[in-house]
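Secondary and tertiary structure notes
What follows is each chain in one-letter form.
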Amino acid sequence: MTTQTTSTDVEALAQALLQHGWMLATAESCTGGLIAARCTDLAGSSQWLERGFVTYSNEAKHEMLGVDSALIAQHGAVSEPAAQAMALGALRHSRAQVSVAVTGVAGPTGGSVDKPVGTVWFCWALPSDAGPTLGAETAWVKTEVMHFAGDRAAVREATMQHALRTLLTLLQTP
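Criteria and thresholds
- Residues numbered from 1 in each chain as written.
- Predicted model: local features only at pLDDT ≥ 70, side-chain atom pairs only at ≥ 80, totals over all residues.
- Heavy atoms only, no water.
- Helix = DSSP H or I, 4+ residues; strand = E, 2+ residues; numbered from the N terminus.
- Buried < 20%, exposed > 50% of the residue type's maximum accessible area, 1.4 Å probe, protein only.
- Contact = heavy atoms within 4.5 Å.
- Polar contact = N/O pair within 3.5 Å; in protein donor to acceptor, adjacent residues only side chain to side chain.
- Phe/Tyr/Trp six-rings, centres within 6.5 Å; stacked < 30°, edge-to-face > 60°.
- Expected span 1.5 Å × (residues − 1).
- Axes fitted to C-alpha atoms, helices over the stretch in contact; angles between N-to-C directions.
- Parallel < 35°, antiparallel > 145°, perpendicular 65-115°, else oblique.
- Left-handed = near helix turned anticlockwise from the far one by under 90°.
- Nonpolar A, V, L, I, M, F, W, Y, C, P; charged D, E, K, R; others polar.
- Core = buried A, V, L, I, M, F, W, Y, C linked by side-chain atoms within 4.5 Å.

All right, on to the environment of Arg152 then. Secondary-structure assignment places Arg152 in helix H6 (residues 152-172). A relative accessible area of 33% places Arg152 in the partly exposed class. Sequence spacing of Arg152 and Thr109 is 43 residues, and the spatial spacing of their C-alpha atoms is 9.4 Å. Discounting chain neighbours no more than four positions away, the residues touching Arg152 are Tyr56, Ala106 and Gly107. A distance of 2.6 Å separates a polar side-chain atom of Arg152 from the backbone oxygen of Gly107.

Counted under the stated rule, the structure contains two aromatic pairs. Measuring from ring centre to ring centre gives 5.4 Å for Phe122 and Trp124, while their planes differ by 5°; the resulting arrangement is stacked. In this pair, the class of Phe122 matches that of Trp124, namely buried. For the pair Phe122 and Phe148, a centre-to-centre distance of 6.3 Å together with 85° between the ring planes defines the contact as edge-to-face. Residue Phe122 is found in strand S4 (residues 119-127), and its partner Phe148 is found in the loop between strand S5 (139-147) and H6; the two are separated by 26 residues along the sequence. Each of the two residues, Phe122 as well as Phe148, counts as buried. Clustering of aromatic rings is evident, with ring pairs tying together Phe122, Trp124 and Phe148.

Every α-helical turn comprises 3.6 residues, leaving residues that sit three or four positions apart pointing alike. With 13 residues, helix H5 (residues 80-92) should cover 18 Å at 1.5 Å per step; its first-to-last C-alpha distance of 18 Å lies within 8% of that length. Looking only at H5, the buried set comprises Ala82, Ala83, Ala85, Met86, Ala87, Leu88, Gly89, Ala90 and Leu91. Residue Ser79 occupies the N-cap position of H5, its side-chain oxygen lying 3.2 Å from the main-chain nitrogen of Ala82.

This next bit is on the packing of helix H1 (residues 7-20) against H6. At a minimum axis separation of 10 Å, H1 and H6 run at an interaxial angle of 40°. Between H1 and H6, the interaxial angle falls into the category oblique. The handedness of the crossing between H1 and H6 is left-handed. For the pair formed by H1 and H6, the contact residues are Asp9, Ala12, Leu13, Ala16, Leu17 and His20 on the first element and Leu164, Arg165, Leu167, Leu168, Leu171 and Gln172 on the second. For the contact of H1 with H6, the class distribution of residues is eight nonpolar, two polar and two charged.

Another aspect to go through is the nonpolar core. Core analysis: the largest hydrophobic core is formed by 32 residues, its most contacted members being Leu13, Leu17, Leu24, Trp48, Leu167 and Leu171. Breaking this core down by element, the ones donating at least two residues are H1, helix H2 (34-40), strand S3 (98-104), S4 and H6. At nine residues, the largest contribution of residues to this core is made by H6. Not counting chain neighbours up to four residues away, the residues in contact with Leu171 comprise Leu13, Ala16, Leu17, His20, Trp22 and Leu126. Core analysis: the next-biggest nonpolar cluster, separate from the first, contains 22 residues, Ala25, Phe53, Ala77 and Met86 among them.

Everything listed here is a matter of coordinates, which is why it stays silent on function.
Set out below in structure tokens:
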């Protein structure tokens, strides 16, 4: 597989979402909308991409996605609990059944000993059953932390690629 998310990857993601009859919502911090942008590079993406949230500030995470400010104060915006709250918030504040959230330190500043530049938390939320109550309350979630090398552009690109490729893998897993 190449190091770049190809249009074929996005087409496969589109087909998997369409096959299930599901819509996708993105909740992005460090990528600033790159995931949604890559999705909308494909014509017809309005059939499977419901919306994208760019929640760069902590206030935006709280106001747009309902992420509890106390959660961010306790764990930080770049954390597993924040990523999970973002993904579930994207489902609660949209008509989507599937979401992906990313929050990280793209650099070159903002890193710490515990969360160095290149640290990114991911969360993917998918329906946990085929019943009529699909959404945030019944979502199955997967979280993961990654550490990407390179400059700001490289970290953001790697984050977008990993988010989409992993989502495709999760949708194709029986």
